[in-house]
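Remarks on the overall topology
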Amino acid sequence: MKPTLPRKTIVEAVERDLGPVSQWSTVSEGEESQVFGMRLGDEDLILRINNVADDFQKDAFCQRRFAALELPIPEVLSIGAVGPFSYCVSRRAAGVTLQDLPPAGLPDVVGSAAGVLRTIAQSPLHETRGYGRFDARGNAEHSSWRDFLASISLGQHYDWKSVETSVGGPWLERHLSLFMDFVPECPEFRCLVHGDFGSNNVLTDGVNITGVIDWSEALFGDPLYDVANIFFWRPWLACMEEQARYFVECEPQAMGDPVVLRCYQLRIGLQQVHEAAKAGSEEDLCWAMARCEVLAADLPV
């Protein structure tokens, strides 16, 4: 669950560690962190509070290793504790998220967003290892990309037994089985993948992409997985729909093999089903299951 600490508690912890803060503001929050804008000295910064520090450490790793002119990742300045939670202070990127950008402004930036995805995929991965989601040292546990994909069906990674009543055993068995049938057809690539690109983790000034944030879901694997994430969420968010339309109309080659693209979307959907069921979010669960139904119907049998 996302922390809901009172601002007074947060202010006391940050000022204890970093000194007086002259200004506080509310900003758009993600699914897992409380987020505030703040001014320390003469600089505008972002403060996030989360349950654990691991994701913040991973952000810092990704900024050190992958940030570039074409891939702006805000620098992490400090990671500390506030009660039982962790906080992270980072530089503030200009602009608003793609999710908060008015729909009329989206056509002007989706090409730039696609360019950032290409830069992410081309990032050098020296001194890292493995496939799938990696840690704050650049180590991932899977021996291949297909091994990561297949992990969605394994009990040590996903506790499907605990959500079987909510999801339905036959539904779960049918969709996991269909997905696993296509895993052998997926290519073996090892590139940087953001893992949650395209909505509230991408900032823009209306022309350029000014920041790519929250690398907690970042992976080593096939870059098409980031494109699949955009296509999976296109019915849910206007910013995803506009990006998907851009690929269809302007860069169809970036969509790769249509079967693999659908396969990746189904895996993303199954993960969303698991997360929604674990969280007890009935609305999100129903949407994710319906989306998986659509994707499964378009896969060859």
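Residues numbered from 1 in each chain as written. Predicted model: local features only at pLDDT ≥ 70, side-chain atom pairs only at ≥ 80, totals over all residues. Heavy atoms only, no water.

Another point: the overall build of the protein. Of regular secondary structure, the protein possesses 10 helices and 12 strands. Taken against the 2.2 N^0.38 rule, which gives 19 Å for 301 residues, the C-alpha radius of gyration of the protein at 19 Å falls within 12% of a compact globule. Taken over the C-alpha atoms alone, the protein extends approximately 60 × 45 × 40 Å along its principal axes. Looking at the protein as a whole, 53% of its 301 residues qualify as buried. Surface exposure of the protein reaches about 13900 Å², of which carbon and sulfur atoms provide 51%. Here the protein contributes 25 positive and 43 negative side-chain charges, whose respective centroids are spaced 4 Å apart. (Helix = DSSP H or I, 4+ residues; strand = E, 2+ residues; numbered from the N terminus. Rg over C-alpha atoms; globule rule 2.2 N^0.38 Å. Buried < 20%, exposed > 50% of the residue type's maximum accessible area, 1.4 Å probe, protein only. Areas by Shrake-Rupley, 256 points an atom, 1.4 Å probe, with all protein chains shown as cover. Lys, Arg positive; Asp, Glu negative; His and termini not counted. Charge placed at Lys NZ, Arg CZ, Asp CG, Glu CD.)

Right, let's get into the packing of aromatic side chains. The tally for this structure, following the rule as stated, stands at 16 aromatic pairs. When the centroid spacing of 6.1 Å and the interplanar angle of 80° are considered together, the rings of Trp 24 and Phe 36 count as edge-to-face. With Trp 24 in strand β1 (residues 23-26) and Phe 36 in strand β2 (residues 34-40), this pair connects stretches of sequence that are 12 residues apart. Taking the relative accessible area as the measure of exposure, Phe 36 reaches 8% and is therefore buried. Taken together through their ring pairs, the aromatic side chains of Phe 61, Phe 66, Phe 134 and Phe 220 make up a single cluster. Taking the ring centre of Phe 220 as reference, the NZ or CZ of Arg 190 above it sits at 4.5 Å. (Phe/Tyr/Trp six-rings, centres within 6.5 Å; stacked < 30°, edge-to-face > 60°. Lys NZ or Arg CZ within 6 Å of the ring centre and 35° of its normal.)

What follows is about the sheet that holds β2. Judged by pairing direction, the sheet is antiparallel, and its 5 strands sit side by side in the order β1-β2-β3-β5-β4 without closing on themselves. Looking at strand neighbours, the two that pair on one side only are β1 and β4 (76-82), the edges of this open sheet. Adjacent strand axes in the sheet meet at a mean angle of 25° when their direction is disregarded. In terms of strand pairing, β1 meets β2 through 4 bridges, oriented antiparallel. Within β2, the residue paired with Thr 26 across the bridge is Phe 36. In this fold helix α1 (residues 7-18) packs onto β1, β2, β3 (43-50), β4 and β5 (85-91), with an angle of close to 120° to the strand it touches most, β4. (Pairing = 2+ DSSP bridges. Axes fitted to C-alpha atoms, helices over the stretch in contact; angles between N-to-C directions. Contact = heavy atoms within 4.5 Å.)

A word on the side chain of Ser 151. Relative to the helices and strands, Ser 151 resides in the loop between α4 (145-150) and α5 (164-167). Given a relative accessible area of 2%, Ser 151 falls into the buried group. Side chain to side chain, Ser 151 and Arg 267 meet in a polar contact 3.1 Å long. Leave out the neighbours within four places in its chain, and Ser 151 touches His 142, His 157, Tyr 158 and Arg 267. (Polar contact = N/O pair within 3.5 Å; in protein donor to acceptor, adjacent residues only side chain to side chain.)

What follows deals with the sheet that holds strand β10 (residues 202-204). What links the strands of a sheet is backbone hydrogen bonding, and the strands pair in either a parallel or an antiparallel sense. Taking strand neighbours across the sheet as the criterion, the 3 strands line up as β6-β10-β11 in an open arrangement whose pairing is antiparallel. Looking along the sheet, the strands with just one partner apiece sit at the ends: β6 (96-97) and β11 (209-212). In the sheet, β6 pairs with β10 via 2 bridges, with the strands oriented antiparallel. Its bridge partner lying in β10, Val 96 is registered against Thr 204.

Turning next to the environment of Ala 136. Positionally, Ala 136 belongs in the loop between β7 (131-134) and β8 (140-142). Through-space distance from the C-alpha of Ala 136 to that of Phe 85 is 18 Å; in sequence the pair is 51 residues apart. When sequence neighbours within four positions are dropped, the list of residues in contact with Ala 136 reads Gln 57, Lys 58 and Phe 61.

Time to look at the pairing of β4. Sheet analysis places β4 next to β5, joined by 6 bridges and oriented antiparallel. Of the residues in β5, the one forming a bridge with Ile 79 is Cys 88. Between the antiparallel neighbours β4 and β5 lie 2 residues, among them Gly 83 with a positive phi of about 60°.

The interhelical angle for the contact between helix α7 (residues 224-232) and helix α9 (residues 258-279), taken along N-to-C directions, is 70°, at an axis separation of 8 Å. As judged from the angle between their axes, α7 and α9 are roughly perpendicular. α7 and α9 meet at a crossing whose hand is right-handed. Residues Leu 224, Tyr 225, Val 227, Ala 228, Asn 229, Phe 231 and Phe 232 of α7 pack against Val 260, Leu 261, Tyr 264, Gln 265, Arg 267, Ile 268 and Gly 269 of α9. Residue classes in the contact of α7 with α9 are distributed as 10 nonpolar, 3 polar and 1 charged. (Parallel < 35°, antiparallel > 145°, perpendicular 65-115°, else oblique. Left-handed = near helix turned anticlockwise from the far one by under 90°. Nonpolar A, V, L, I, M, F, W, Y, C, P; charged D, E, K, R; others polar.)

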